[in-house]
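Structure assessment
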Amino acid sequence: QLRQYLNKIKADPERIVKQTDVVATAAANLRAEVDAVATRLAELDSRLEGQAAKKQEISESSRDISRKLEMHRSTLEQRERDVDAVRKALEEEKSKHQDILARRVHVELMLKDERLAVKTCVQQVGKVKKQYEDTKKLLKKRIAQLDNVVVTLPQLESNC
């Protein structure tokens, strides 16, 4: 047994050296793996920072777009109110125009009637004036006849 123990102890340094080599190899492998993980972690951190920057940029862009959208909505609503006001004013003007046209037609009809009445009156005045002139002429003629009779009456009386 002692021999076995002695052989075991003799083999211990070799075994320890082998185990040391295994541990050193494992440690080197773990260091390499840790370095790879650290590199990957740094790469992921860099990507994460890039994504955070992009997220911030997108967030700012989103706020800017939202602000612009709200401004455009407000402008659109104002324009719609302006269009409604213009349409209402246009309808009022169309209504006024129709009223004016109706009044114009009414006035033109009244003017036509008045012109016809004036024409009729002028014709009547012309007829009355002609009758007056004819009557005046007839009166002058009768006055002239009367004057002739008056002039001839003394001669007739003297002859009788």
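Scroll up to find the structure.
A brief look at the structure comes next.

Cut-offs used in this document
- Residues numbered from 1 in each chain as written.
- Predicted model: local features only at pLDDT ≥ 70, side-chain atom pairs only at ≥ 80, totals over all residues.
- Heavy atoms only, no water.
- Helix = DSSP H or I, 4+ residues; strand = E, 2+ residues; numbered from the N terminus.
- Rg over C-alpha atoms; globule rule 2.2 N^0.38 Å.
- Buried < 20%, exposed > 50% of the residue type's maximum accessible area, 1.4 Å probe, protein only.
- Salt bridge = Lys/Arg side-chain N within 4 Å of Asp/Glu carboxyl O.
- Patch = residues over 30% accessible without salt bridge, like charges linked within 9 Å, V, L, I, M, F, W, Y side chains within 5 Å.
- Areas by Shrake-Rupley, 256 points an atom, 1.4 Å probe, with all protein chains shown as cover.
- Polar contact = N/O pair within 3.5 Å; in protein donor to acceptor, adjacent residues only side chain to side chain.

1. Remarks on the overall build of the chain
- Counting its secondary structure elements, the chain contains one helix and zero strands.
- Radius of gyration (C-alpha) of the chain: 66 Å, far over the 15 Å computed for a compact globule of 160 residues.
- Its C-alpha atoms give the chain principal-axis dimensions of roughly 225 × 20 × 15 Å.
- When each of the 160 residues of the chain is scored for burial, the buried share is 0%.

2. Brief notes about the pattern of salt bridges
- Under the counting rule described, the total for this entry stands at six salt bridges.
- For Glu-108, the salt bridge goes to Arg-104, with nearest N and O atoms at 3.1 Å. In this pair, Glu-108 and Arg-104 both sit in helix α1 (residues 2-159), four residues apart, roughly one turn of the helix.
- Under the relative-accessibility criterion, Arg-104 is labelled exposed at 52%.
- Three or more residues joined by partner-sharing salt bridges are found here, namely Asp-64, Arg-67 and Lys-68.

3. As for a nonpolar patch on the surface
- A contiguous nonpolar surface patch, about 440 Å² in accessible area, is contributed by Leu-146, Val-149, Val-150, Leu-153 and Leu-156.
- Looking at where Leu-153 falls in the secondary structure, it is placed in helix α1.
- Assessed through its relative accessible area of 41%, Leu-153 is described here as partly exposed.

4. Focus: the environment of Gln-78
- By secondary structure assignment, the location of Gln-78 is in helix α1.
- Polar side-chain contacts of Gln-78 include one of 2.6 Å to the side chain of Arg-81.

5. Quick look at the environment of Ser-46
- In this fold, Ser-46 is placed in helix α1.
- Judged by relative accessible area, Ser-46 falls into the partly exposed class, the value being 44%.
- Taking the C-alpha atoms as reference, Ser-46 lies 66 Å from Glu-91; in sequence the two are 45 residues apart.

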